[in-house]
Amino acid sequence: MHGGTAVPPISRCSVMTSEASVDYAQPLPGDFAIWIFIFAELLVFGVLFAAYAFARSAHLEMFNAAQLSLNRALGFANTLILVTSSYFVARASQSIKVGRSRACGHWLVAALGLGGGFLVLKLVEFHQDFARGISLSTNLFYMFYLALTFFHFMHVVMGMVILAVVARKAYAGRYSAADHTGVETGGSYWHMVDLVWIILFALVYVIH
Amino acid sequence: MKLLRALPLRPCTASWVALLFLTTISFELGAAAPGGALMAAVLALTLIKGQLVVSYFMGLRRVRPLWRIVMAAYLVAVGGVIAFAYSIS
């Protein structure tokens, strides 16, 4: 019999972890139910992205002109913020896999702070847009822009609620190296929100 | 030794740095003249960024190939549809 506590062999995202020791046939991280939700969300956003792209092809000049009016710097800053928050959530997941629940909570709180920063910048951007008289009925580009970004905004809010619940449970010591499905479930949702924004940023703010 | 072991970047940390770098390149490319080359470059960078998030943040590099294929197919499909729509405009 061997003594000591059992630590999962894939507990760290590190170059120090031998690739040969990594099991590449694991199930999806977290609760499988969240993945059904994630795939459904990705499908919805995928259809909206396709609709935007084809609408643009039919109204090229109008889309290009309206796109120039967007605050690209805020879109860029928000991308950096969301990517970093996603990284923090990944570190939270790694922390709990080695039983560091307080560190897990700290990473999640940091991610929540960045999520709040994203919302503030997006509200500033919406305020600027509305101050210029832009609305859903201004034209087809702004309809897509406002609908897509607001739809995503609500996903960020939902993600932050989930992360807050997970962080609270982490601080309460409800997760461990052996039982941390909740952290991976909430984290997977947050990474999906980040993934969607990465595509949205390129599509709406950059490509013209 | 402890310090030396701490020096190499974790894959997820390296991915984060790469994501910040690729996002900055995408943003700078946005100031370039519009055209197919810009669209192709930004889309390619976006697919790479998406794959980094899927593999190293979501942790799908360790899951069954089926799920990795599904996510990669999603990214390629979305990128392909966007590229096609832009090519006919």
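Residues numbered from 1 in each chain as written. Chains lettered and ligands numbered in written order. Predicted model: local features only at pLDDT ≥ 70, side-chain atom pairs only at ≥ 80, totals over all residues.

> Which parts of the structure should I look at to understand the overall build of chain B?
When helices and strands are counted, chain B shows 4 helices and 0 strands. When the helices and strands of chain B are read in sequence order from the N terminus, they spell out α-α-α-α. Projected onto the principal axes, the alpha-carbon positions of chain B cover approximately 55 × 35 × 15 Å. Burial statistics for chain B: of 89 residues in total, 33% are counted as buried. Pairs at least 24 apart in sequence give 59% of the contacts found in chain B among residues at least 6 apart. (Helix = DSSP H or I, 4+ residues; strand = E, 2+ residues; numbered from the N terminus. Buried ≥ 20, exposed ≤ 12 C-beta atoms within 10 Å, placed from the backbone. Contact = placed C-beta atoms within 7 Å.)

> I'm lost on the overall build of chain A in this one. Help?
When you go through chain A residue by residue, the secondary structure sums to 6 helices and 0 strands. Per-residue burial over chain A gives 41% buried out of 208 residues. Considering only contacts within chain A whose residues lie at least 6 apart along the sequence, 80% involve residues at least 24 apart.

> Is there a simple way to think about the packing of helix α2 (residues 60-67) of chain A against helix α5 (residues 140-171) of chain A in this case?
In helix packing, the relevant descriptors are the interaxial angle and the interaxial distance, both defined with respect to the helix axes. All names here are of chain A. At a closest axis distance of 8 Å, the pairing of α2 and α5 adopts a crossing angle of 55°. Classed by the angle they form, the pair α2 and α5 counts as oblique. Where α2 abuts α5, its residues Met62, Phe63, Ala66 and Gln67 lie against Leu140, Phe141 and Tyr142. (Axes fitted to C-alpha atoms, helices over the stretch in contact; angles between N-to-C directions. Parallel < 35°, antiparallel > 145°, perpendicular 65-115°, else oblique.)

> Explain the interface of chain B and chain A here, please?
It is common to give the size of an interface as the accessible area lost on bringing the parts into contact. Between chain B and chain A, the contact holds 40 residues from the first and 44 residues from the second. Listed by contribution, the elements that provide at least two residues to the side of chain B that touches chain A are α2 (11-29), α3 (36-57) and α4 (65-87) of chain B. Of the residues forming the side of chain B that touches chain A, the biggest block, 11 residues, is contributed by α3 of chain B. By residue class, the composition of the side of chain B that touches chain A is 28 nonpolar, 7 polar and 5 charged. (Nonpolar A, V, L, I, M, F, W, Y, C, P; charged D, E, K, R; others polar.)

> Even after reading the chapter, I still don't get the environment of leucine 20 of chain B, so can you show me in this structure?
Residue placement: leucine 20 of chain B occurs in helix α2. Separated by 39 residues in sequence, leucine 20 of chain B and glycine 59 of chain B place their C-alpha atoms 19 Å apart. The residues contacting leucine 20 of chain B, other than those within four sequence positions of it, are Leu80 and Val83 of chain A.

> Mind showing me how you'd approach the nonpolar core here?
In a soluble, globular protein the nonpolar side chains are often hidden away together inside. Among the nonpolar cores identified, the biggest contains 75 residues, and Ala92, Leu108, Ala111, Ala202 and Leu203 of chain A are the most heavily contacted of them. If you list the elements that add at least two residues to this core, you get α1 (32-58), α3 (72-97), α4 (101-131), α5 and α6 (181-206) of chain A together with α2, α3 and α4 of chain B. Per element, the largest residue contribution to this core is 17 residues, and it comes from α6 of chain A. (Core = buried A, V, L, I, M, F, W, Y, C linked by C-beta atoms within 7 Å.)

> For this particular structure, what's the right way to read the packing of α2 of chain B against α3 of chain B?
All names here are of chain B. Running from N to C, α2 and α3 point in directions that differ by 160°, and their axes come no closer than 10 Å. Classed by the angle they form, the pair α2 and α3 counts as roughly antiparallel. Remark: the crossing between α2 and α3 carries left-handed chirality. Together, Pro11, Cys12, Ser15, Ala18, Leu19, Leu22, Thr23, Ile25, Ser26 and Leu29 of α2 and Leu38, Ala41, Val42, Leu45, Ile48, Lys49, Leu52, Tyr56 and Phe57 of α3 make up the contact between the two elements. (Left-handed = near helix turned anticlockwise from the far one by under 90°.)

Limitation: the analysis is restricted to geometry and does not speak to function.
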